[in-house]
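# Per-entry structural report
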Number of protein chains: 2
Amino acid sequence: MAGGVGSRFWPISRNSRPKQFLDILGTGKTFIRSTFERFLPLVPVENFLVVTNTAYCDLVLREIPELERHQVLCEPIGRNTAPCIAYAAFRLRAADPEAVMIVTPSDHFVVDEAEFREVVSEAAGFIDTHHSLMTIGVEPTYPNTGYGYIQVDNSGQMSEQIYKVKTFTEKPPLEMAAAFIESGEFYWNSGIFIWKPDVIIREIKRSLPEMYDLFESIAPYYNTPEEAEFIRTIHPECKAVSVDVGIMEKTDNTYVRVCRSGWSDIGTWGSLYEHSEKDQNGNVLSADTALFDTRNCIIKVPEDKMVVIESLENYIVVDSGDVLMICPKDHEQNIKKYIEEVKFNKGDKFI
Amino acid sequence: MAGGVGSRFWPISRNSRPKQFLDILGTGKTFIRSTFERFLPLVPVENFLVVTNTAYCDLVLREIPELERHQVLCEPIGRNTAPCIAYAAFRLRAADPEAVMIVTPSDHFVVDEAEFREVVSEAAGFIDTHHSLMTIGVEPTYPNTGYGYIQVDNSGQMSEQIYKVKTFTEKPPLEMAAAFIESGEFYWNSGIFIWKPDVIIREIKRSLPEMYDLFESIAPYYNTPEEAEFIRTIHPECKAVSVDVGIMEKTDNTYVRVCRSGWSDIGTWGSLYEHSEKDQNGNVLSADTALFDTRNCIIKVPEDKMVVIESLENYIVVDSGDVLMICPKDHEQNIKKYIEEVKFNKGDKFI
């Protein structure tokens, strides 16, 4: 899944180059490239499918030149994750209804990739023999209020690391998140799913029947030259809904494979800060700097730029080339307000 | 005089483009161009001489294409203002010992240019008939500790606005500056001088005899094709000294013409702030901005850059393209420290 237009890393992330196509962590690889390489030991190149917006098709192929054009599924407009997953599931079912389908966002960060692959492998093995849905749940390390949480049913434990899912809860308030963690029954919802196309399509039919009808209506055309044209017709008719809200919260046929190694969706400057190397004063740096009396800042500028700062604490300083943004780290939720203001005054030029 | 390499506006001012070649005030004209145009109604184009460093000769001619190459006097190295003025005085004396010579820095700001020209005209008229030195003294508006002060001898008043000079005082402490202003006897030393070449050369001979000997030794070659080559030989032998310390403080033959309209040497970000237009929150802006809770800042970035800032007060934010500097306005004296640090780590690349 590589269709997001996320604005939380503005001004670095832009409509024309959203987060999955950026190397925000400074690893030397974009998120989408890292995601591809993370799964490559498990999945033959020809079995990858990338669902993205039509506007990003070329970006996908530039980042993953190993793919053929037909492996990039283009959505004419963004409609959240349910239609994205439905499209890939219908395409895959037409080719092989018994395939095991792994669904993953393309902009996440995983600390121990080998451990992560073992988790996914075991989940895929489970799904090969169970007609169920499965999600990867990450052992929480603190009460993050931006994540979804999965509650497990300890009486439904299938193996050491696989549990029956009891509930899904989106973005809880802080006290609730803390109570979740205290209980030991909750895991972060990573947004990574494993299932067979047949099984998820059955769930789509049950919970999102109109969406099912739309994708089913063009069943003869998947994997044919006409597919793209028909998708352009039916896809905009789908309602925008996430797979969590549209499907996962409405089924009791889901299991979770627990992952106990580090993972983050790097969804905010704050989580970028948490997962980045820091200097002795707690600053996350991306360039040559001369800092005086400056602590706990994130400084992100073009790599050939020199940065001199005195007396700044807990700020985000981002220079995207055409935009300079300076704001307190704990005000980063205001970035949407900044974008609105810039858009109001200057149109889409800097968006 | 256009040879300075001033670092106080770093990172905007650079060794390769010092302040006189910049439009720091955003007037649409560089300081040197503004200076040229300020004097143009008084002085025929062919009578201008610009003394600068060899490295800036092309910059001068680009800013003032009206000049012929021979009107740009090139110093091989910076030696402060006394050798600069000596060179121009010897050159001018060789052409016309009775000329009236107006000496001016090329990086100052004048509010009322017409009023300023009247001041200079009256001073030039006085010098035409008096074998004296003359300086323009600016009525002080506050106890600036970065300027030099001229004390006048009220008993030696020659006209409504012309006084005999009693003392020169460089950069006094704050209490002294305040007492100066209180007394009514002191004026800011603008660094603008009017005299005949013959008279100033006599003073150089008296106060700086070694420097006099050097320039006198090549007397036959001024205004000849050999001049530049001889200057390259003798000029580096001069000791570095300002005209104020080397000559003005050692003579009692100086008058001051008082100027009562606005003037500033715009020597610091602070004085730039004072002389610039501000938004309703006291910010000096040079680009498109979206500011939230941000007051009394100077924001200077390339003109096509968008700036978004939240929660910053009394800061200087400067983006020169390759350098981003953020520091409190009242720490601007630390810029020299920043430059040293950058130079230590990165060499001359950003200097």
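Please refer to the structure placed before this passage.
A quick note: this is a predicted structure, and the numbers were derived from the prediction, not measured.

A word on the sheet that holds strand β13 (residues 298-300) of chain A. Sheet architecture is open: six strands sit in the order β11(A)-β13(A)-β15(A)-β16(A)-β14(B)-β12(B), paired in mixed fashion. Both edges of this open sheet fall to β11 (284-285) of chain A together with β12 (288-295) of chain B, since each of them pairs with a single strand only. Where β12(B) meets strand β14 (residues 306-313) of chain B, seven bridges bridge the pair, whose relative direction is parallel. Bridge pairing in β14(B) places Ala290(B) opposite Val308(B).

Moving on to the environment of Tyr255(B). Residue and element names in this part refer to chain B. Relative to the assigned elements, Tyr 255 resides in strand β9 (residues 254-259). Tyr 255 sits in the buried class, given a relative accessible area of 11%. The spacing of Tyr 255 and Tyr 163 is 92 residues in sequence and 5.5 Å in space, taken between C-alpha atoms. In contact with Tyr 255, not counting residues within four places along its chain, are Phe 126, Ser 132, Leu 133, Met 134, Thr 135, Met 158, Ile 162, Tyr 163, Lys 164 and Val 165.

Turning next to the side chain of Asn144(B). Checked against the element boundaries, Asn144(B) lands in the loop between β5 (133-138) and β6 (149-157). Looking at Asn144(B), its side chain comes within polar contact range of the main-chain nitrogen of Tyr147(B), at 3.2 Å.

The subject of this paragraph is the pairing of strand β15 (residues 315-319) of chain B. Strand residues, when the strand is regular, have side chains that alternate between the two faces of the sheet. Residue and element names in this part refer to chain B. Counting buried positions over the five residues of β15 gives five, a clear majority of the element. Because side chains alternate across β15, one face comprises the buried residues Tyr 315, Val 317 and Asp 319, and the other comprises Ile 316 and Val 318, equally buried. Sheet analysis places strand β13 (residues 298-300) next to β15, joined by three bridges and oriented parallel. Its bridge partner lying in β15, Ile 299 is registered against Val 317. In the sheet, β15 pairs with strand β16 (residues 323-328) via five bridges, with the strands oriented antiparallel. What sits directly across from Asp 319, in β16, is Leu 324. Counted between consecutive antiparallel strands, the loop separating β15 from β16 contains three residues, among which Gly 321 sits at a positive phi close to 105°.

We now examine the packing of aromatic side chains. All names here are of chain B. For the structure shown, the criterion picks out 38 aromatic pairs over all chains. Ring centres of Phe 36 and Phe 48 lie 4.8 Å apart, and the angle between their planes is 55°; this geometry places the pair in the tilted category. Of this pair, Phe 36 sits in helix α1 (residues 31-39) while Phe 48 sits in the loop between α1 and β1 (50-53); the two residues are 12 residues apart in sequence, bridging distant segments of the chain. Judged on exposure class, the residue Phe 36 and its partner Phe 48 are both buried. Centroid distance Phe 90 to Phe 215: 5.7 Å. Interplanar angle 20°. Geometry classified as stacked. With Phe 90 in helix α3 (residues 81-95) and Phe 215 in helix α7 (residues 209-216), the pair connects residues that are 125 residues apart, well separated along the chain. Residue classification places Phe 90 among the buried residues on the basis of a relative accessible area of 2%.

In this section: helix α3 (residues 81-95) of chain A. Taking 1.5 Å as the rise per residue, α3(A) with 15 residues should run 21 Å; its terminal C-alpha atoms sit 21 Å apart, in good agreement. The buried fraction of α3(A) amounts to 11 of the 15 residues, a majority that puts the element mostly inside the structure.

Next up on the list: the sheet that holds strand β12 (residues 288-295) of chain A. Strand order across the open sheet formed by six strands is β12(A)-β14(A)-β16(B)-β15(B)-β13(B)-β11(B), with mixed pairing between neighbours. Strand pairing shows two members of the sheet lacking a second neighbour, β12 of chain A together with β11 (284-285) of chain B, which therefore form its edges.

Bringing unusual backbone geometry into the picture now. Note the cis peptide between Trp10(A) and Pro11(A), where omega equals 5°. Its place among the elements puts Pro11(A) in the segment before α1 (31-39). The phi torsion at Asn314(A) lies on the positive side, around 60°, for a residue other than glycine. In this fold, Asn314(A) is placed in the loop between β14 (306-313) and β15 (315-319). Even without glycine at this site, Asp293(B) takes up a positive phi of about 55°. By the secondary structure assignment, Asp293(B) is in strand β12.

The next thing to look at is the state of the cysteines. Residue and element names in this part refer to chain A. The full count for this structure, using the stated rule, is zero disulfides over all chains. Cys 84 takes part in no disulfide bond, and the closest cysteine sulfur to it belongs to Cys 238, at a distance of 11 Å. The closest cysteine sulfur to the non-disulfide-bonded Cys 327 is located on Cys 297, 10 Å from its own sulfur. The class of Cys 327 is buried, set by a relative accessible area of 0%.

Another point: α1(B). Residue and element names in this part refer to chain B. The element α1 is largely enclosed, with a buried count of eight among its nine residues. Taken together, the buried positions of α1 are occupied by Phe 31, Ile 32, Arg 33, Ser 34, Thr 35, Phe 36, Arg 38 and Phe 39. Buried residues along α1 sit against β1, α2 (57-63), β3 (101-103), β4 (109-110) and α4 (113-129).

A separate point is the interface of chain A and chain B. How big an interface is tends to be stated in terms of the accessible area lost upon association of its parts. With 33 residues of chain A in contact, the opposing surface of chain B contributes 33 residues. Between chain A and chain B lies a buried interface of about 2800 Å² when both sides are counted; carbon and sulfur atoms form 62% of it. For chain A, the biggest contributors to the area lost against chain B are Met306(A), Glu310(A) and Leu324(A); these three give 24% of the whole. Counting across the interface, chain A meets chain B through four salt bridges. Across the pair Asp319(B) and Lys305(A) runs a salt bridge whose closest N-O atoms are separated by 2.7 Å.

Next up on the list: the packing of α1(B) against α4(B). All names here are of chain B. Interaxial distance between α1 and α4 falls to 10 Å at its minimum, and their mutual angle equals 60°. The angle between α1 and α4 places the two elements in the oblique class. With respect to the hand of their crossing, α1 and α4 are arranged in right-handed fashion. In contact with Glu 37, Arg 38 and Phe 39 of α1, α4 contributes Glu 113, Phe 116, Arg 117 and Val 120. Taken together, the residues that form the contact of α1 with α4 break down as three nonpolar, no polar and four charged.

Parameters at a glance
- Residues numbered from 1 in each chain as written.
- Chains lettered and ligands numbered in written order.
- Predicted model: local features only at pLDDT ≥ 70, side-chain atom pairs only at ≥ 80, totals over all residues.
- Heavy atoms only, no water.
- Pairing = 2+ DSSP bridges.
- Helix = DSSP H or I, 4+ residues; strand = E, 2+ residues; numbered from the N terminus.
- Buried < 20%, exposed > 50% of the residue type's maximum accessible area, 1.4 Å probe, protein only.
- Contact = heavy atoms within 4.5 Å.
- Polar contact = N/O pair within 3.5 Å; in protein donor to acceptor, adjacent residues only side chain to side chain.
- Phe/Tyr/Trp six-rings, centres within 6.5 Å; stacked < 30°, edge-to-face > 60°.
- Expected span 1.5 Å × (residues − 1).
- Disulfide = S-S within 2.5 Å.
- Buried area = accessible area lost by both parts, 1.4 Å probe.
- Salt bridge = Lys/Arg side-chain N within 4 Å of Asp/Glu carboxyl O.
- Axes fitted to C-alpha atoms, helices over the stretch in contact; angles between N-to-C directions.
- Parallel < 35°, antiparallel > 145°, perpendicular 65-115°, else oblique.
- Left-handed = near helix turned anticlockwise from the far one by under 90°.
- Nonpolar A, V, L, I, M, F, W, Y, C, P; charged D, E, K, R; others polar.

Worth remembering: the numbers are spatial, not functional.
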